[in-house]
Amino acid sequence: MSNSSFRDSTVVIIETSRTSIRAGIGLHDLLRLPTFDILARVGLRRNAVTQNGEEAGPSTSKIAGSAKVTDYLVGAQLDEALAAGQDIATFWPFAEGVISDYNQAEALWKHVLFNLLGLRRPLMESPVMLSIVAGLSRDEYECICQIFFERFNVAGFAILDRPMAQFYAVVSGVQLSGVVVDIDLDHTDVTPIADGFPVHFARTSIPVGLNDCIAYLAHLFRANTSVMSSLSPADSPLAADALQEALLALARHVWENGLIKVLAEGEAARDLEDEGVTDIAAIVVAGKERAVIESGMKRRLNAKAQPAEQARAKEMEALDLVTTEFRGKEITLGKERHRFCEPLFDPALLNGIPGVKDRGSNDVSQPLQNAVGDAVSKTEVDQRNYIWQGLFVTGAITNHIKGLGLALSARVSPYILSAPDILNNEVQPRAVKTLRVPDYFAEYRDKGDGLAGFLGSSIVAKLSFNDSGGKNHVSKADYANQGPRAVLGMSPSLL
């Protein structure tokens, strides 16, 4: 057991999701945002792909035969090869919620450590906190530990289940139970947590994600004559493939620019503008002074506008219209943009939609609210009331859409008692409480909840690697004495 701690400036955080890897080095008084965020994919030139005598598909995550770590293209090198139209097979080793190929995983982590973060293997002084998908076997934990010590020469190592990292970013006080809903590109993972531990047998996943919401909104735009005439004018119409690409790009643009809201969010966004500012100190502490200034400037400009312009502005507000600049064109969008999240709550809407990934004829997707309710229902009866007090919705989609947790909490009401008898029933859940990343994490304020995994990993790393007893991480001495199995007794995920 190690009796030394590490300097905060040397600690490396690597958050590995199904489709992305976020990384950064150094822990500071104000926990910082990830320095790098890359897609968790690798590429292999097709003449090097051999798998049972056949070529692998272009987007598969299956094992690529006998390819070595150094054969794979990663990061900018892969992006440039694909942009140049080279014949590249792409692989996503974490996409199915497991590690499908350890060589591909090693290629990604190696690229992050030595190419992006600029570390050097012979002079490695950094410990690594790795957050990764939950539910891996002990053999897989040992294999990962072996890669980081023997291939990367790290100074210390710890593994953290990613749902727990996300939960640690929002939990406070003695609240140690909840349910984490992680919406990725093509999947949504639901992980109940009871008394500080993930309930693995209750975990579930549905094959619906951000990409499906983008494809659905692109489909809705086809019914908007203003959008269609702007993207594909009658005098120079786009080809079918080019039009579909433009619609998907517009849908992504609308999401990235925060033009979408969930209906359950209500009118909270207009509180500052309507009520005025009475507590300047509170506004500054909350970091909303810029929004207040911009709101005041907007009101003054509207006051000076011509009557016709004012009438137009009122009409657009009443109809919930918004104008955005896309590829050099001004496009007016209507309320259909707020239907962006509907496929999460009703996957049947995706049937026959262009751009929706085919997941096989046997796939039956259940609505997100049902998946969450069923997952919580699999836990112990006396735990459910506490779990419902910590509903946290995260994932890339929440970076630009607020209120998704509130919308989901309203839809899981069938799993909550409508008229609870508090005196005679202390077990059944009576209400749902949603969580969000607190505002006192200044760097993460106004960034949404999608970075919770990296924030939580940073919090745990600060505790684990500053532990002079060395009980929450594996040091080089521990690895030399016990080998890869040391991670089973000295890791935040397995204690």
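Residues numbered from 1 in each chain as written. Predicted model: local features only at pLDDT ≥ 70, side-chain atom pairs only at ≥ 80, totals over all residues. Heavy atoms only, no water.

**What about the environment of Thr 332?**
This is how it is decided: Secondary structure is summarised from DSSP: a helix means a run of H or I of at least four residues, a strand means a run of E of at least two, and numbering begins at the N terminus for each. What makes two residues a contact is simply this: any of their non-hydrogen atoms within 4.5 Å. A 3.5 Å cut-off defines polar contacts: any pair of N or O atoms within that distance qualifies, except that in protein one atom must be a possible hydrogen donor and the other a possible acceptor, and neighbouring residues in sequence count only when both atoms are side-chain atoms.
Turning to its location among the elements, Thr 332 is positioned in strand 14 (residues 329–333). Each C-alpha atom, one on Thr 332 and one on Ser 230, is 9.2 Å from the other, the two residues being 102 residues apart in sequence. What Thr 332 contacts, discounting residues up to four positions off in sequence, is Asn 224, Ser 226, Val 227, Leu 321, Val 322 and Thr 323. A polar contact is formed between the side chain of Thr 332 and the side chain of Thr 323, at a distance of 3.4 Å.

**Brief notes about the sheet that holds strand 3 (residues 36–39)**
Heads up, the rule is: Two strands qualify as a pair provided that DSSP identifies no fewer than 2 bridges between them. Think of each axis as a best-fit line through the C-alpha atoms, taken over the contacting stretch in the case of a helix, with angles from 0 to 180 degrees between the N-to-C directions.
Strand order in this open sheet of six strands is 3-2-1-7-8-16, and the pairing throughout is mixed. The strands lining the two open edges of the sheet, one partner per strand, are strand 3 and strand 16 (474–475). As paired elements, strand 2 (residues 20–25) and strand 3 share four bridges and run antiparallel to each other. For Ser 20, the partnering residue across the bridge sits in strand 3 and is Leu 39. Where helix 3 (residues 138–151) meets the sheet, it contacts strand 1 (12–16), strand 7 (127–132), strand 8 (156–161) and strand 16, and its direction lies at approximately 145° from that of strand 8. Helix 16 (residues 452–464) contacts strand 1, strand 2, strand 7 and strand 8 of the sheet and is inclined by roughly 140° relative to strand 1.

**Quick word on the pairing of strand 8**
The test is simple: Exposed residues in this analysis have more than 50% of their type's maximum accessible area, buried residues have under 20%, and partly exposed residues fall in between, with area computed by a 1.4 Å probe over protein chains only. The handedness rule is simple: strands pointing away from the viewer, and a clockwise path from the first strand over the helix to the second, make the crossover right-handed.
Most of strand 8 is tucked away: six of the six residues are buried. Residues Gly 156, Ala 158 and Leu 160 line one face of strand 8 and the alternating positions Phe 157, Ile 159 and Asp 161 line the opposite face, and both faces are buried. Bridging between strand 7 and strand 8 involves six bridges; their strand directions are parallel. Note on strand 8: the bridge partner recorded for Pro 127 is Gly 156. Between the parallel pair strand 7 and strand 8, the chain is carried across by helix 3, and the sense of this crossover is right-handed. The pairing of strand 8 with strand 16 spans two bridges and is antiparallel. Within strand 16, the position partnered with Gly 156 by the bridge is Ser 475.

**Examining the packing of aromatic side chains**
Put simply, the rule is: Classification of ring pairs uses Phe, Tyr and Trp, with its six-membered ring standing for Trp, and accepts pairs whose centres are within 6.5 Å; under 30 degrees between planes counts as stacked, over 60 as edge-to-face, and the remaining range as tilted. Remark: a charge is flagged as sitting over a ring if the NZ atom of Lys or the CZ atom of Arg is within 6 Å of the ring centre and within 35 degrees of the ring normal.
Following the criterion strictly, the structure yields ten aromatic pairs and no others. An angle of 85° between the planes, with centres 6.5 Å apart, marks the rings of Tyr 72 and Phe 91 as edge-to-face. Here the residue Tyr 72 occupies a position in the loop between strand 4 (42–45) and strand 5 (73–74), and Phe 91 occupies one in strand 6 (residues 88–91), the gap between them amounting to 19 residues. With a relative accessible area of 0%, Phe 91 lands in the buried category. With a centroid separation of 5.9 Å and an interplanar angle of 75°, the aromatic rings of Phe 114 and Phe 152 are classed as edge-to-face. Linking Phe 114 in helix 2 (residues 102–116) with Phe 152 in the loop between helix 3 and strand 8, this pair joins segments that are 38 residues apart in sequence. Across the pair, exposure class does not vary: Phe 114 and Phe 152 are buried alike. Aromatic ring contacts, followed pair by pair, group Phe 94, Trp 109, Phe 114, Phe 148, Phe 149, Phe 152, Phe 157 and Tyr 479 into a single cluster. One residue, Arg 411, lies across the ring of Phe 345, its end atom 3.9 Å from the ring centre.

**What to know about helix 5 (residues 210–221)**
Convention followed: Here the expected length of a helix is defined as 1.5 Å per residue gap, with one fewer gap than residues.
In this model helix 5 runs 17 Å from its N-terminal to its C-terminal C-alpha over twelve residues, within 8% of the 16 Å that 1.5 Å per residue would give. Among the twelve residues that make up helix 5, ten are buried, leaving the element largely enclosed by the rest of the structure. Residues of helix 5 that are buried include every one of Leu 210, Asp 212, Cys 213, Ile 214, Ala 215, Tyr 216, Leu 217, Ala 218, Leu 220 and Phe 221, and no others. Of the surrounding secondary structure, the elements contacted by the buried residues of helix 5 are strand 9 (178–183), helix 6 (225–231), helix 7 (240–256), strand 14 and helix 12 (342–345).

**Some points on the confidence of the model for the protein**
To keep things clear, this is the line we draw: Here pLDDT means the predictor's own confidence in every residue, given as a number from 0 to 100.
Across the protein, the average pLDDT comes to 84, with 80% of residues at or above 70. Note that residues 51–63 has pLDDT below 50 and, in this model, 32 contacts with residues that lie over four places away or in other chains. Predicted confidence is poor over residues 265–285, with pLDDT under 50, and the contacts of this stretch with residues over four places away or in other chains come to 18 contacts.

**Considering the nonpolar core**
Quick reminder of the rule: To define a nonpolar core, start from buried Ala, Val, Leu, Ile, Met, Phe, Trp, Tyr and Cys residues and group those joined through side-chain atoms within 4.5 Å.
Residues Phe 340, Leu 368 and Ile 397 are the most contacted members of the largest nonpolar core, which totals 57 residues. If we skip the residues at most four places from it in the chain, Ile 397 touches Ile 183, Leu 210, Cys 213, Trp 255, Phe 340, Cys 341, Leu 344 and Leu 404. By size, the runner-up hydrophobic cluster in this structure holds 47 residues, among which are Val 74, Phe 94, Trp 109 and Val 487.

**Quick word on the sheet that holds strand 5**
Neighbouring strands of a sheet are bound in pairs by backbone hydrogen bonds; such pairs are parallel or else antiparallel. Spatially, three strands are ordered 5-4-6 in an open sheet, and the strand pairing comes out antiparallel. Across the chains shown, the open sheet's two edge strands, defined by having one partner strand only, are strand 5 and strand 6. Bridge count for strand 4 against strand 6 is four bridges, and the pairing is antiparallel. Within the sheet, the bridge partner assigned to Gly 43 lies in strand 6 and is Thr 90.

**A look at the pattern of salt bridges**
Basically, it comes down to this: The term salt bridge refers to a pairing of a side-chain nitrogen on Lys or Arg with a carboxyl oxygen on Asp or Glu at a separation within 4 Å.
Within the structure shown, the criterion is met by 13 salt bridges. Asp 189 is paired through a salt bridge with Arg 18; the nearest N and O atoms lie 2.7 Å apart. Within this pair, whereas Asp 189 is found in strand 10 (residues 188–194), its partner Arg 18 is found in the loop between strand 1 and strand 2, the two being separated by 171 residues in sequence. Here Glu 342 and Arg 339 are joined by a salt bridge, their closest N and O atoms 3.1 Å apart.

**Observations regarding the packing of helix 5 against helix 7**
Worth spelling out the cut-off: Every angle not falling under 35 degrees, over 145, or within 65 to 115 is termed oblique; those three ranges are roughly parallel, roughly antiparallel and roughly perpendicular. In a left-handed crossing the near helix is turned counterclockwise from the far helix by less than a right angle, and in a right-handed crossing that turn is clockwise. Residues are grouped as follows: Ala, Val, Leu, Ile, Met, Phe, Trp, Tyr, Cys and Pro are nonpolar; Asp, Glu, Lys and Arg are charged; every other residue, Gly included, is polar.
At a minimum axis distance of 8 Å, the contact between helix 5 and helix 7 shows a crossing angle of 115°. Judged by the angle between their axes, helix 5 and helix 7 are roughly perpendicular. Seen along the crossing, helix 5 lies across helix 7 with a hand that is right-handed. Here helix 5 contributes Leu 210, Asn 211, Ile 214, Ala 215, Leu 217, Ala 218 and Phe 221 to the contact with helix 7, which in turn contributes Leu 247, Leu 248, Leu 250, Ala 251, Arg 252, Val 254 and Trp 255. Among the residues forming the contact of helix 5 with helix 7, the class breakdown is twelve nonpolar, one polar and one charged.

**Let's talk about the side chain of Asp 212**
When you line up the elements, Asp 212 lands in helix 5. Classification of Asp 212 as buried rests on a relative accessible area of 1%. A distance of 2.9 Å separates a polar atom in the side chain of Asp 212 from the backbone nitrogen of Gly 209.

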